[in-house]
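Examining the three-dimensional arrangement
Single-letter residue listing:
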Amino acid sequence: MTEAALLEETVGILRDLIAFPTVSSDGNLELILHINEMLKSVGARTDIQVDGSGAKANLFATLGPEIDGGIILSGHTDVVPVADQAWSSDPFVMTERDGRLYGRGACDMKGFVAATLAMAPRFAASALARPVHFAFTYDEEVGCLGGRALMERLSEAPVKPAVAIIGEPTEMRVVEAHKGCYEYTVSFEGLEGHGATPDRCVNAVEYAVRYVAKLMALGDALKARAPAGSPFEPPWTTVSVGRLSGGVAHNVVPARATVDWEMRPVQGSDANLVKTELAAFVETELAPAMRAVHADASITTEVIGEVVGLEPAEASEAARIVSELTGDEARRAVSFGTEAGLFQGVGISAVVCGPGSIDQAHKPDEYVSRDQLGQAIGMLRGLEDRLRAP
């Protein structure tokens, strides 16, 4: 099959994938079952990992020999919501205009998934010296929940892949590093009362403000911890408060408050420092002060997601392979997060490279261009040649 024919096959598959409205909150199981049948039809060995809700699943599939050292082609199948976005067409019906393929998930990241599925029959027909694995996950957009579950499965598997190519939209440029993304919701429970007697109450908003002040102080301190030669912008770990809410009226001491915040670590030690400092601050200062007035006062932290970053590796097999396949010798760091760091954390060399631009992701009229899909197919055809047994 020519590259032009492969491109048309990819476009057709992408149309089908976009038609599955796999918003993270709703689930992706129907799409996973559809992809599973596609891969099984060409002889892939497949494993579906369903989550506790029964509505979401990962798919891990393999073509080629059952040996160590395989190459994983990885993509998440969930997409972000379209509510309150001004789309020019139905976001779940692929529309083509001027060489651009529009639809929710077109670049983030069903375009890459479609390209790998179009290539699956070619991989199946080749005498591969190394296996090709397909890893398609759920809930990447809400904390990489599926990715974390998949890593547990891969850690226990008897066959160990060596390389993972994560096809997030990078305009087919090689990305070898990105920051982590840790998100938390902190809830403060105090004691409500009249504004005339605040000393008899526990003002949850006031304690939330003190917590935020500590966060901001830690954020300033992190600037001095930026690693030498950090490739990120800014080069240090950042802390950001997204929401602080609480209170009902001017003259009512509020009993409840909530803080939503995140940090983007450039190194794991920074994340550990922030969490340790905050835990100590809560346990030795804030909580005792609150409980001195009201024994049932509390501060609880909910982990929304802790997505580790992808750290640059001096000798990255994944980056080397993709550079050779694409001709892109540059090494880049990006600010957005992916599942790449999860693969790296279980000993699999990881790189990010895929069709489309992150500038289109999560927006109305999200699209991927035919040209970008063609470049992805070119990379995957080169991978097929590379993995074919002599």
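Just so it is clear, the structure is predicted and the values come from calculations on it, not from any experiment.

Helix and strand counts for the protein come out as 9 helices and 17 strands. In terms of overall dimensions, the protein is globule-like: its C-alpha atoms have a radius of gyration of 24 Å, near the 21 Å expected for 390 residues. If one aligns the C-alpha atoms of the protein with their principal axes, the spans along those axes are about 80 × 45 × 35 Å. Looking at the protein residue by residue over its 390 residues, the buried ones come to 51%. The long-range share in the protein, meaning contacts at least 24 apart out of those at least 6 apart in sequence, stands at 81%. Surface summary for the protein: the accessible area is close to 16,500 Å², and the carbon and sulfur share equals 51%. Averaging the locations of the 33 positively and 54 negatively charged side chains of the protein gives two centres separated by 2 Å.

Of note, Glu-366 is situated in the loop between β16 (349-352) and β17 (367-369). For Glu-366, a relative accessible area of 1% gives the class buried. Here the side chain of Glu-366 touches Gly-105 through a polar contact of 3.0 Å, landing on its backbone nitrogen. Beyond its immediate chain neighbours, meaning those up to four positions away, Glu-366 contacts Trp-87, Leu-101, Tyr-102, Gly-103, Arg-104, Gly-105, Ala-106, Cys-107, Asp-108, Gln-360 and Ala-361.

Between its first and last C-alpha atoms helix α5 (residues 204-222) spans 27 Å; for 19 residues at 1.5 Å apiece the expected length is 27 Å, and the two agree. For α5, the set of buried residues is Ala-204, Tyr-207, Ala-208, Tyr-211, Val-212, Leu-215, Leu-218, Gly-219 and Leu-222. One side of α5 holds all its buried residues, which, seen down the axis, span an arc of 145 degrees. The inward-facing, buried residues of α5 contact β9 (181-189), β11 (238-246), β13 (256-264) and α6 (268-291). Near the N-terminus of α5, the side chain that reaches the backbone nitrogen of Val-205, with its oxygen 3.0 Å away, is that of Asn-203.

Conventions used here
- Residues numbered from 1 in each chain as written.
- Predicted model: local features only at pLDDT ≥ 70, side-chain atom pairs only at ≥ 80, totals over all residues.
- Heavy atoms only, no water.
- Helix = DSSP H or I, 4+ residues; strand = E, 2+ residues; numbered from the N terminus.
- Rg over C-alpha atoms; globule rule 2.2 N^0.38 Å.
- Buried < 20%, exposed > 50% of the residue type's maximum accessible area, 1.4 Å probe, protein only.
- Contact = heavy atoms within 4.5 Å.
- Areas by Shrake-Rupley, 256 points an atom, 1.4 Å probe, with all protein chains shown as cover.
- Lys, Arg positive; Asp, Glu negative; His and termini not counted.
- Charge placed at Lys NZ, Arg CZ, Asp CG, Glu CD.
- Polar contact = N/O pair within 3.5 Å; in protein donor to acceptor, adjacent residues only side chain to side chain.
- Expected span 1.5 Å × (residues − 1).
- Arc of directions from axis to C-beta.

This is a description of form; function is not addressed.
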